[in-house]
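Topology and contacts: notes
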Amino acid sequence: MKLEEYLGELYHCFHCHLCSMSNWHRLDAWVPICPSFARFCFESFLASGRIEITRAIIEKEIDKPTSRLLESIFSCTGCGACYEQCKGLTGFKANHVELFEELKAKLVELGWGPLTKHAEFSRSIRENYNPYKEPHEKRAAWLKKDVPKKAETIYFVGCTSSYRTHKIAEATVDALEIAGINFRIMHPDEWCCGSPLLRTGQRKMVKDLVRHNVDAIKASGARRVVFSCAGCYRTFKKDYPAVLGQELGFDVLHTTEYFSQLIEEGKLKLKNIVSGVITYHDPCHLGRGVGLYEPPRKLLTSMVGNKFVEMKRNRGDAWCCGAGSGVKSAFPDFAVWAALERLKEAKAIGASILSSSCPFCKHNFMDALKQAPAELKTLKIRDISELVAEGAK
Ligand code: SF4
Ligand code: SF4
(Lines give C-alpha, C1' and ligand atoms only; values in the text may rest on other atoms or scores of the structure.)
(Ligands and ions follow the chains in the order given, each with its own letter.)
Protein backbone atom coordinates (compact mmCIF):
# COMPACT_ATOMS: atom_id res chain seq x y z
CA MET A 1 0.00 0.00 0.00
CA LYS A 2 1.41 3.40 -0.95
CA LEU A 3 1.90 5.94 1.83
CA GLU A 4 -0.76 8.32 0.45
CA GLU A 5 -3.36 5.54 0.63
CA TYR A 6 -3.03 5.51 4.44
CA LEU A 7 -4.18 9.13 4.77
CA GLY A 8 -7.83 8.54 5.77
CA GLU A 9 -6.76 5.96 8.34
CA LEU A 10 -4.25 8.33 9.93
CA TYR A 11 -7.11 10.49 11.16
CA HIS A 12 -8.39 7.54 13.18
CA CYS A 13 -5.49 7.56 15.63
CA PHE A 14 -7.04 8.73 18.94
CA HIS A 15 -3.69 9.78 20.43
CA CYS A 16 -4.78 7.62 23.34
CA HIS A 17 -1.17 6.41 23.84
CA LEU A 18 -2.17 2.82 24.54
CA CYS A 19 0.63 1.96 22.11
CA SER A 20 3.16 3.13 24.72
CA MET A 21 2.41 0.39 27.27
CA SER A 22 1.19 -3.11 27.90
CA ASN A 23 -1.16 -4.06 30.73
CA TRP A 24 -2.55 -0.52 30.28
CA HIS A 25 -5.79 -1.53 32.01
CA ARG A 26 -4.03 -2.23 35.32
CA LEU A 27 -2.64 0.79 37.06
CA ASP A 28 -0.41 -1.39 39.24
CA ALA A 29 0.95 -3.47 36.35
CA TRP A 30 1.39 -1.41 33.19
CA VAL A 31 4.86 -1.41 31.63
CA PRO A 32 6.45 0.61 28.81
CA ILE A 33 6.46 -1.17 25.48
CA CYS A 34 7.68 1.31 22.85
CA PRO A 35 11.48 1.53 23.21
CA SER A 36 11.91 4.84 21.39
CA PHE A 37 9.17 6.58 23.42
CA ALA A 38 10.52 5.14 26.67
CA ARG A 39 13.96 6.47 25.78
CA PHE A 40 13.22 9.88 24.22
CA CYS A 41 9.90 10.70 25.96
CA PHE A 42 8.44 12.90 23.21
CA GLU A 43 5.28 11.94 21.33
CA SER A 44 7.13 12.22 18.02
CA PHE A 45 9.04 9.10 19.14
CA LEU A 46 5.81 7.16 19.74
CA ALA A 47 3.55 5.59 17.09
CA SER A 48 0.91 8.32 17.45
CA GLY A 49 3.49 11.07 16.86
CA ARG A 50 4.91 9.25 13.84
CA ILE A 51 1.37 8.89 12.51
CA GLU A 52 0.90 12.65 12.84
CA ILE A 53 4.23 13.29 11.08
CA THR A 54 3.15 10.92 8.28
CA ARG A 55 -0.08 12.87 7.85
CA ALA A 56 1.79 16.16 7.75
CA ILE A 57 4.19 14.82 5.11
CA ILE A 58 1.37 13.47 2.92
CA GLU A 59 -0.53 16.76 3.24
CA LYS A 60 2.67 18.66 2.42
CA GLU A 61 2.76 20.59 5.70
CA ILE A 62 6.43 19.65 6.00
CA ASP A 63 8.60 20.58 3.06
CA LYS A 64 12.02 20.31 4.70
CA PRO A 65 12.85 17.74 7.37
CA THR A 66 14.86 18.72 10.46
CA SER A 67 17.47 16.30 11.75
CA ARG A 68 15.23 15.77 14.81
CA LEU A 69 12.33 14.75 12.56
CA LEU A 70 14.54 12.21 10.78
CA GLU A 71 15.73 10.97 14.15
CA SER A 72 12.16 10.46 15.35
CA ILE A 73 11.26 8.40 12.28
CA PHE A 74 14.43 6.34 11.90
CA SER A 75 14.69 5.58 15.64
CA CYS A 76 11.59 3.38 15.33
CA THR A 77 12.88 -0.16 15.69
CA GLY A 78 9.93 -1.55 13.73
CA CYS A 79 9.24 -3.85 16.67
CA GLY A 80 5.47 -3.80 16.19
CA ALA A 81 4.67 -3.55 19.90
CA CYS A 82 2.49 -0.52 19.15
CA TYR A 83 0.42 -2.49 16.61
CA GLU A 84 0.01 -5.33 19.07
CA GLN A 85 -1.47 -2.93 21.67
CA CYS A 86 -3.51 -0.81 19.28
CA LYS A 87 -5.12 -3.43 17.03
CA GLY A 88 -8.68 -4.33 17.87
CA LEU A 89 -8.83 -1.79 20.71
CA THR A 90 -8.99 1.50 18.87
CA GLY A 91 -10.45 2.76 15.62
CA PHE A 92 -7.02 2.70 13.96
CA LYS A 93 -6.92 -0.13 11.44
CA ALA A 94 -3.51 0.13 9.76
CA ASN A 95 -0.51 -2.04 10.58
CA HIS A 96 1.99 0.34 12.18
CA VAL A 97 5.08 -1.63 11.11
CA GLU A 98 4.05 -1.58 7.45
CA LEU A 99 3.06 2.08 7.71
CA PHE A 100 6.40 3.17 9.21
CA GLU A 101 8.36 1.13 6.63
CA GLU A 102 6.37 2.87 3.92
CA LEU A 103 7.14 6.20 5.59
CA LYS A 104 10.88 5.48 5.58
CA ALA A 105 10.70 4.49 1.92
CA LYS A 106 8.92 7.78 1.21
CA LEU A 107 11.67 9.75 2.94
CA VAL A 108 14.27 7.97 0.81
CA GLU A 109 12.18 8.66 -2.30
CA LEU A 110 11.99 12.37 -1.35
CA GLY A 111 15.77 12.45 -0.91
CA TRP A 112 15.40 13.09 2.86
CA GLY A 113 16.96 9.73 3.62
CA PRO A 114 18.67 7.34 4.02
CA LEU A 115 20.64 8.28 7.12
CA THR A 116 24.41 8.24 6.56
CA LYS A 117 24.89 4.97 8.45
CA HIS A 118 22.10 3.30 6.50
CA ALA A 119 23.60 4.43 3.20
CA GLU A 120 26.90 2.91 4.36
CA PHE A 121 25.47 -0.56 4.88
CA SER A 122 23.55 -0.29 1.64
CA ARG A 123 26.87 0.38 -0.16
CA SER A 124 28.46 -2.57 1.61
CA ILE A 125 25.61 -4.87 0.56
CA ARG A 126 26.09 -3.77 -3.05
CA GLU A 127 29.85 -4.41 -2.89
CA ASN A 128 30.12 -7.36 -0.49
CA TYR A 129 26.59 -8.82 -0.26
CA ASN A 130 26.64 -8.11 3.49
CA PRO A 131 26.09 -4.92 5.53
CA TYR A 132 29.22 -5.38 7.68
CA LYS A 133 31.83 -4.30 5.11
CA GLU A 134 33.28 -7.81 5.27
CA PRO A 135 34.66 -9.64 2.21
CA HIS A 136 32.16 -11.98 0.61
CA GLU A 137 34.73 -14.76 0.18
CA LYS A 138 35.06 -14.93 4.00
CA ARG A 139 31.33 -15.44 4.52
CA ALA A 140 31.73 -19.11 5.34
CA ALA A 141 35.08 -18.78 7.15
CA TRP A 142 33.38 -19.96 10.38
CA LEU A 143 32.63 -23.37 8.84
CA LYS A 144 35.36 -25.77 9.93
CA LYS A 145 33.89 -29.01 8.56
CA ASP A 146 32.76 -30.44 5.26
CA VAL A 147 29.05 -30.35 4.52
CA PRO A 148 27.39 -31.86 1.44
CA LYS A 149 27.27 -29.88 -1.80
CA LYS A 150 23.83 -31.17 -2.69
CA ALA A 151 20.92 -31.63 -0.29
CA GLU A 152 17.17 -31.15 0.03
CA THR A 153 17.67 -28.90 3.05
CA ILE A 154 19.59 -25.63 2.96
CA TYR A 155 20.75 -23.82 6.07
CA PHE A 156 20.62 -20.08 5.22
CA VAL A 157 23.17 -18.65 7.66
CA GLY A 158 22.58 -14.88 7.27
CA CYS A 159 25.07 -12.03 7.51
CA THR A 160 25.12 -11.63 11.31
CA SER A 161 25.90 -15.26 12.13
CA SER A 162 28.37 -15.45 9.25
CA TYR A 163 30.43 -12.48 10.45
CA ARG A 164 29.49 -11.58 14.03
CA THR A 165 27.84 -14.42 15.99
CA HIS A 166 29.33 -17.45 14.25
CA LYS A 167 28.78 -19.65 17.34
CA ILE A 168 25.11 -19.68 16.36
CA ALA A 169 26.01 -20.93 12.86
CA GLU A 170 28.38 -23.58 14.26
CA ALA A 171 25.75 -24.76 16.76
CA THR A 172 23.07 -24.96 14.07
CA VAL A 173 25.34 -27.08 11.90
CA ASP A 174 26.14 -29.33 14.90
CA ALA A 175 22.45 -29.80 15.77
CA LEU A 176 21.52 -30.61 12.16
CA GLU A 177 24.36 -33.12 11.96
CA ILE A 178 23.36 -34.80 15.23
CA ALA A 179 19.81 -35.14 13.89
CA GLY A 180 21.24 -36.84 10.80
CA ILE A 181 19.94 -34.21 8.37
CA ASN A 182 21.48 -34.09 4.94
CA PHE A 183 21.90 -30.32 4.51
CA ARG A 184 24.10 -27.81 2.76
CA ILE A 185 24.89 -24.14 3.04
CA MET A 186 24.69 -21.90 -0.02
CA HIS A 187 28.04 -20.16 0.01
CA PRO A 188 29.15 -18.52 -2.31
CA ASP A 189 25.55 -18.04 -3.48
CA GLU A 190 24.15 -16.79 -0.18
CA TRP A 191 23.72 -13.01 -0.28
CA CYS A 192 22.23 -10.66 2.32
CA CYS A 193 18.48 -11.38 2.52
CA GLY A 194 17.75 -7.65 2.06
CA SER A 195 16.13 -7.08 5.46
CA PRO A 196 18.41 -4.17 6.47
CA LEU A 197 17.43 -2.38 3.25
CA LEU A 198 13.71 -3.05 3.54
CA ARG A 199 13.60 -1.85 7.15
CA THR A 200 15.33 1.43 6.33
CA GLY A 201 13.32 2.36 3.26
CA GLN A 202 16.07 1.50 0.78
CA ARG A 203 14.15 -0.66 -1.65
CA LYS A 204 16.07 -0.20 -4.90
CA MET A 205 18.43 -3.15 -4.61
CA VAL A 206 16.05 -5.51 -2.80
CA LYS A 207 14.55 -7.19 -5.84
CA ASP A 208 18.00 -8.17 -7.13
CA LEU A 209 18.91 -9.77 -3.79
CA VAL A 210 15.59 -11.58 -3.56
CA ARG A 211 15.84 -12.90 -7.13
CA HIS A 212 19.43 -13.99 -6.64
CA ASN A 213 18.77 -15.92 -3.41
CA VAL A 214 15.56 -17.53 -4.65
CA ASP A 215 17.09 -18.51 -8.02
CA ALA A 216 20.13 -20.03 -6.28
CA ILE A 217 17.90 -22.06 -3.93
CA LYS A 218 15.69 -23.27 -6.76
CA ALA A 219 18.67 -24.15 -8.95
CA SER A 220 20.06 -26.28 -6.13
CA GLY A 221 16.89 -28.41 -6.11
CA ALA A 222 16.38 -27.86 -2.35
CA ARG A 223 12.86 -28.22 -0.98
CA ARG A 224 13.40 -26.65 2.41
CA VAL A 225 15.38 -23.67 3.76
CA VAL A 226 15.99 -23.27 7.48
CA PHE A 227 17.07 -20.07 9.21
CA SER A 228 18.67 -19.41 12.59
CA CYS A 229 18.12 -15.68 12.04
CA ALA A 230 14.66 -14.33 12.86
CA GLY A 231 15.22 -11.37 10.52
CA CYS A 232 16.18 -13.44 7.45
CA TYR A 233 13.35 -15.85 8.22
CA ARG A 234 10.66 -13.17 8.42
CA THR A 235 12.02 -11.52 5.27
CA PHE A 236 11.88 -14.78 3.31
CA LYS A 237 8.50 -15.73 4.76
CA LYS A 238 6.66 -12.44 4.40
CA ASP A 239 8.59 -10.05 2.17
CA TYR A 240 9.98 -12.36 -0.52
CA PRO A 241 6.57 -13.56 -1.81
CA ALA A 242 5.37 -9.93 -1.77
CA VAL A 243 8.45 -8.68 -3.68
CA LEU A 244 8.21 -11.47 -6.25
CA GLY A 245 4.41 -11.48 -6.45
CA GLN A 246 4.37 -15.28 -6.13
CA GLU A 247 4.96 -18.13 -3.70
CA LEU A 248 8.56 -19.25 -3.30
CA GLY A 249 8.07 -22.92 -4.15
CA PHE A 250 10.09 -24.22 -1.18
CA ASP A 251 9.45 -24.48 2.57
CA VAL A 252 10.76 -21.74 4.84
CA LEU A 253 11.36 -22.71 8.48
CA HIS A 254 12.97 -21.11 11.48
CA THR A 255 15.35 -23.45 13.31
CA THR A 256 13.11 -23.41 16.40
CA GLU A 257 10.28 -24.78 14.24
CA TYR A 258 12.53 -27.26 12.49
CA PHE A 259 14.20 -28.53 15.66
CA SER A 260 10.76 -28.99 17.27
CA GLN A 261 9.70 -30.99 14.22
CA LEU A 262 12.84 -33.14 14.44
CA ILE A 263 12.12 -33.84 18.12
CA GLU A 264 8.57 -34.96 17.26
CA GLU A 265 10.00 -37.25 14.56
CA GLY A 266 12.41 -38.71 17.12
CA LYS A 267 15.49 -37.52 15.22
CA LEU A 268 16.61 -35.12 17.92
CA LYS A 269 16.64 -35.83 21.65
CA LEU A 270 17.42 -33.12 24.18
CA LYS A 271 18.74 -33.64 27.67
CA ASN A 272 18.69 -31.20 30.56
CA ILE A 273 21.75 -28.99 30.35
CA VAL A 274 20.94 -25.92 32.39
CA SER A 275 21.38 -25.67 36.11
CA GLY A 276 20.04 -22.14 36.66
CA VAL A 277 16.87 -20.30 35.70
CA ILE A 278 16.44 -19.54 32.01
CA THR A 279 14.19 -17.02 30.29
CA TYR A 280 13.37 -16.30 26.65
CA HIS A 281 13.43 -13.07 24.69
CA ASP A 282 10.99 -13.12 21.73
CA PRO A 283 12.74 -11.56 18.71
CA CYS A 284 10.30 -9.08 17.13
CA HIS A 285 10.62 -10.62 13.66
CA LEU A 286 9.85 -14.10 14.96
CA GLY A 287 7.16 -13.26 17.53
CA ARG A 288 5.05 -10.31 16.49
CA GLY A 289 6.43 -10.52 12.94
CA VAL A 290 5.39 -14.10 12.17
CA GLY A 291 3.54 -15.28 15.29
CA LEU A 292 6.09 -17.95 16.29
CA TYR A 293 5.88 -17.98 20.07
CA GLU A 294 5.52 -21.60 21.15
CA PRO A 295 8.27 -23.65 19.39
CA PRO A 296 11.14 -21.86 21.19
CA ARG A 297 9.37 -22.26 24.54
CA LYS A 298 8.75 -25.96 23.94
CA LEU A 299 12.44 -26.46 23.12
CA LEU A 300 13.55 -24.63 26.24
CA THR A 301 11.13 -26.34 28.62
CA SER A 302 12.16 -29.73 27.22
CA MET A 303 15.72 -28.91 28.32
CA VAL A 304 15.12 -27.14 31.61
CA GLY A 305 11.57 -28.02 32.73
CA ASN A 306 10.23 -25.69 35.39
CA LYS A 307 13.45 -23.68 35.46
CA PHE A 308 12.09 -21.83 32.46
CA VAL A 309 10.55 -18.56 33.66
CA GLU A 310 8.81 -15.87 31.64
CA MET A 311 9.72 -12.22 31.85
CA LYS A 312 6.86 -9.82 32.53
CA ARG A 313 6.91 -8.64 28.90
CA ASN A 314 6.65 -11.73 26.74
CA ARG A 315 5.14 -12.99 23.48
CA GLY A 316 3.10 -10.17 21.85
CA ASP A 317 4.04 -7.88 24.73
CA ALA A 318 7.78 -8.53 24.49
CA TRP A 319 10.19 -5.62 24.84
CA CYS A 320 12.33 -5.16 21.70
CA CYS A 321 16.10 -5.73 22.03
CA GLY A 322 16.53 -2.31 20.41
CA ALA A 323 18.65 -3.27 17.41
CA GLY A 324 16.20 -3.57 14.52
CA SER A 325 15.45 -1.40 11.50
CA GLY A 326 18.91 0.15 11.29
CA VAL A 327 18.75 1.50 14.86
CA LYS A 328 21.88 -0.41 15.91
CA SER A 329 24.00 1.33 13.28
CA ALA A 330 22.44 4.82 13.38
CA PHE A 331 21.63 5.08 17.10
CA PRO A 332 23.98 2.63 18.85
CA ASP A 333 23.59 4.19 22.32
CA PHE A 334 19.83 3.88 22.14
CA ALA A 335 20.11 0.27 20.92
CA VAL A 336 22.34 -0.65 23.86
CA TRP A 337 20.07 1.20 26.30
CA ALA A 338 17.06 -0.84 25.11
CA ALA A 339 19.06 -4.08 25.42
CA LEU A 340 20.15 -3.14 28.95
CA GLU A 341 16.51 -2.66 29.92
CA ARG A 342 15.91 -6.26 28.79
CA LEU A 343 18.92 -7.57 30.71
CA LYS A 344 17.57 -5.88 33.85
CA GLU A 345 14.17 -7.48 33.27
CA ALA A 346 15.74 -10.93 32.92
CA LYS A 347 17.81 -10.43 36.05
CA ALA A 348 14.79 -9.20 38.00
CA ILE A 349 13.06 -12.59 37.61
CA GLY A 350 16.20 -14.41 38.76
CA ALA A 351 17.35 -15.67 35.34
CA SER A 352 20.95 -16.72 34.89
CA ILE A 353 20.50 -17.29 31.14
CA LEU A 354 18.74 -15.00 28.69
CA SER A 355 18.08 -16.96 25.53
CA SER A 356 16.83 -15.78 22.18
CA SER A 357 16.53 -17.08 18.65
CA CYS A 358 18.02 -14.29 16.59
CA PRO A 359 21.71 -13.46 16.09
CA PHE A 360 20.97 -9.76 15.92
CA CYS A 361 19.33 -9.84 19.37
CA LYS A 362 22.33 -11.77 20.73
CA HIS A 363 24.78 -9.36 19.12
CA ASN A 364 23.06 -6.38 20.73
CA PHE A 365 22.67 -8.07 24.12
CA MET A 366 26.38 -8.94 24.10
CA ASP A 367 27.25 -5.30 23.39
CA ALA A 368 24.96 -4.24 26.23
CA LEU A 369 26.55 -6.79 28.56
CA LYS A 370 29.97 -5.16 28.00
CA GLN A 371 28.56 -1.88 29.34
CA ALA A 372 26.34 -3.43 32.01
CA PRO A 373 26.78 -2.81 35.76
CA ALA A 374 28.43 -5.63 37.73
CA GLU A 375 25.13 -7.13 38.95
CA LEU A 376 24.05 -7.85 35.35
CA LYS A 377 27.38 -9.17 34.13
CA THR A 378 26.72 -12.68 35.46
CA LEU A 379 23.85 -13.09 33.00
CA LYS A 380 24.66 -15.41 30.10
CA ILE A 381 23.29 -14.73 26.62
CA ARG A 382 22.63 -17.93 24.66
CA ASP A 383 20.90 -18.49 21.38
CA ILE A 384 18.50 -21.46 21.33
CA SER A 385 20.59 -23.11 18.58
CA GLU A 386 23.55 -23.16 20.97
CA LEU A 387 21.45 -24.71 23.74
CA VAL A 388 19.91 -27.29 21.39
CA ALA A 389 23.33 -28.31 20.05
CA GLU A 390 24.56 -28.74 23.62
CA GLY A 391 21.43 -30.58 24.77
CA ALA A 392 21.49 -32.93 21.78
CA LYS A 393 25.07 -34.13 22.30
S1 SF4 B 1 -1.59 4.37 17.40
FE2 SF4 B 1 -3.39 3.37 18.28
S3 SF4 B 1 -2.88 3.09 20.46
FE4 SF4 B 1 -1.42 4.60 19.61
S5 SF4 B 1 -2.36 6.59 20.06
FE6 SF4 B 1 -3.04 6.00 17.99
S7 SF4 B 1 -5.01 4.94 18.30
FE8 SF4 B 1 -4.00 5.04 20.32
S1 SF4 C 1 7.33 -0.16 16.04
FE2 SF4 C 1 8.20 -0.29 18.11
S3 SF4 C 1 9.64 1.47 18.21
FE4 SF4 C 1 8.29 1.81 16.44
S5 SF4 C 1 6.62 3.09 17.27
FE6 SF4 C 1 5.95 0.95 17.39
S7 SF4 C 1 6.50 0.30 19.49
FE8 SF4 C 1 7.65 2.18 19.03
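Cut-offs used in this document
Residues numbered from 1 in each chain as written. Chains lettered and ligands numbered in written order. Predicted model: local features only at pLDDT ≥ 70, side-chain atom pairs only at ≥ 80, totals over all residues. Heavy atoms only, no water. Near = heavy atom within 4 Å. Nonpolar A, V, L, I, M, F, W, Y, C, P; charged D, E, K, R; others polar. Pairing = 2+ DSSP bridges. Helix = DSSP H or I, 4+ residues; strand = E, 2+ residues; numbered from the N terminus. Axes fitted to C-alpha atoms, helices over the stretch in contact; angles between N-to-C directions. Contact = heavy atoms within 4.5 Å. Core = buried A, V, L, I, M, F, W, Y, C linked by side-chain atoms within 4.5 Å. Buried < 20%, exposed > 50% of the residue type's maximum accessible area, 1.4 Å probe, protein only. Domains from an automatic or database assignment. Expected span 1.5 Å × (residues − 1). Buried area = accessible area lost by both parts, 1.4 Å probe. Salt bridge = Lys/Arg side-chain N within 4 Å of Asp/Glu carboxyl O. Polar contact = N/O pair within 3.5 Å; in protein donor to acceptor, adjacent residues only side chain to side chain.

1. Some thoughts on the site of ligand 2
Near ligand 2 you find 13 residues, and of these C34, R50, C76, C79 and C82 are the closest. Counted by class, the shell around ligand 2 contains 8 nonpolar, 4 polar and 1 charged residues.

2. Observations concerning the sheet that holds strand β3 (residues 153-156)
Reading across the sheet, the 4 strands line up as β4-β3-β5-β6 and stay open at both edges, with parallel pairing between neighbours. Every interior strand has two partners, whereas the edge strands, β4 (183-185) and β6 (251-254), have only one. Adjacent strand axes in the sheet meet at a mean angle of 30° when their direction is disregarded. Contacting β3, β5 (224-227) and β6, helix α12 (residues 230-244) crosses the sheet at an angle of about 155° to β6. Contacting β3, β5 and β6, helix α13 (residues 255-264) crosses the sheet at an angle of about 90° to β6.

3. Remarks on the nonpolar core
With 88 residues, the main nonpolar core has Y155, F236, L343 and V388 as its most contacted residues. Element by element, the count of residues in this core is highest for helix α11 (residues 206-220), at 6 residues. When residues of this core are assigned to domains, at least three fall in each of domain 2 (126-264) and domain 3 (278-392). Formed by 38 residues, the second largest nonpolar core is a distinct cluster that contains L3, L103, L115 and A338.

4. Details of the packing of helix α4 (residues 67-74) against helix α6 (residues 96-109)
Between α4 and α6, the least distance of the axes is 10 Å, while the angle of their chain directions is 145°. Facing α4, whose interface residues are L70, I73 and F74, α6 presents L103, K104 and L107. Here the contact of α4 with α6 is composed, by residue class, of 5 nonpolar, no polar and 1 charged.

5. Brief notes about helix α9 (residues 166-178)
Given a rise of 1.5 Å per residue, 13 residues ought to cover 18 Å, and the 18 Å separating the end C-alpha atoms of α9 matches this to within 8%. For α9, the set of buried residues is I168, A169, A171, T172, V173, A175 and L176. Positioned one or two residues after α9, G180 has a phi angle of 75°, which is positive.

6. Topic: the site of ligand 1
Taken together, C13, F14, H15, C16, H17, L18, C19, S48, I51, C86, T90 and H96 make up the full set of residues adjacent to ligand 1. Taken together, the residues that form the shell around ligand 1 break down as 7 nonpolar, 5 polar and no charged.

7. Focus: the domain arrangement of the protein
The domains assigned to the protein are domain 1 (3-109), domain 2 (126-264) and domain 3 (278-392). The straight-line distance from the C-alpha centre of domain 2 to that of domain 3 is 21 Å. Taken residue by residue, the interface counts 30 residues in domain 2 and 24 residues in domain 3. Summing the contributions of domain 2 and of domain 3, the shared interface buries around 2100 Å²; its carbon and sulfur component is 75%. Looking only at domain 2, the three residues that lose the most surface to domain 3 are I168, A230 and T256, adding up to 22% of its buried area. Applying the counting rule to domain 2 against domain 3 returns 0 salt bridges. One can count 3 residue pairs in polar contact (both at pLDDT 80 or more) joining domain 2 with domain 3. Sorting the residues of the side of domain 2 that touches domain 3 by element identifies α8 (159-163), α9, α12 and α13 as the ones contributing at least two each. Element by element, the count of residues in the side of domain 2 that touches domain 3 is highest for α9, at 7 residues.

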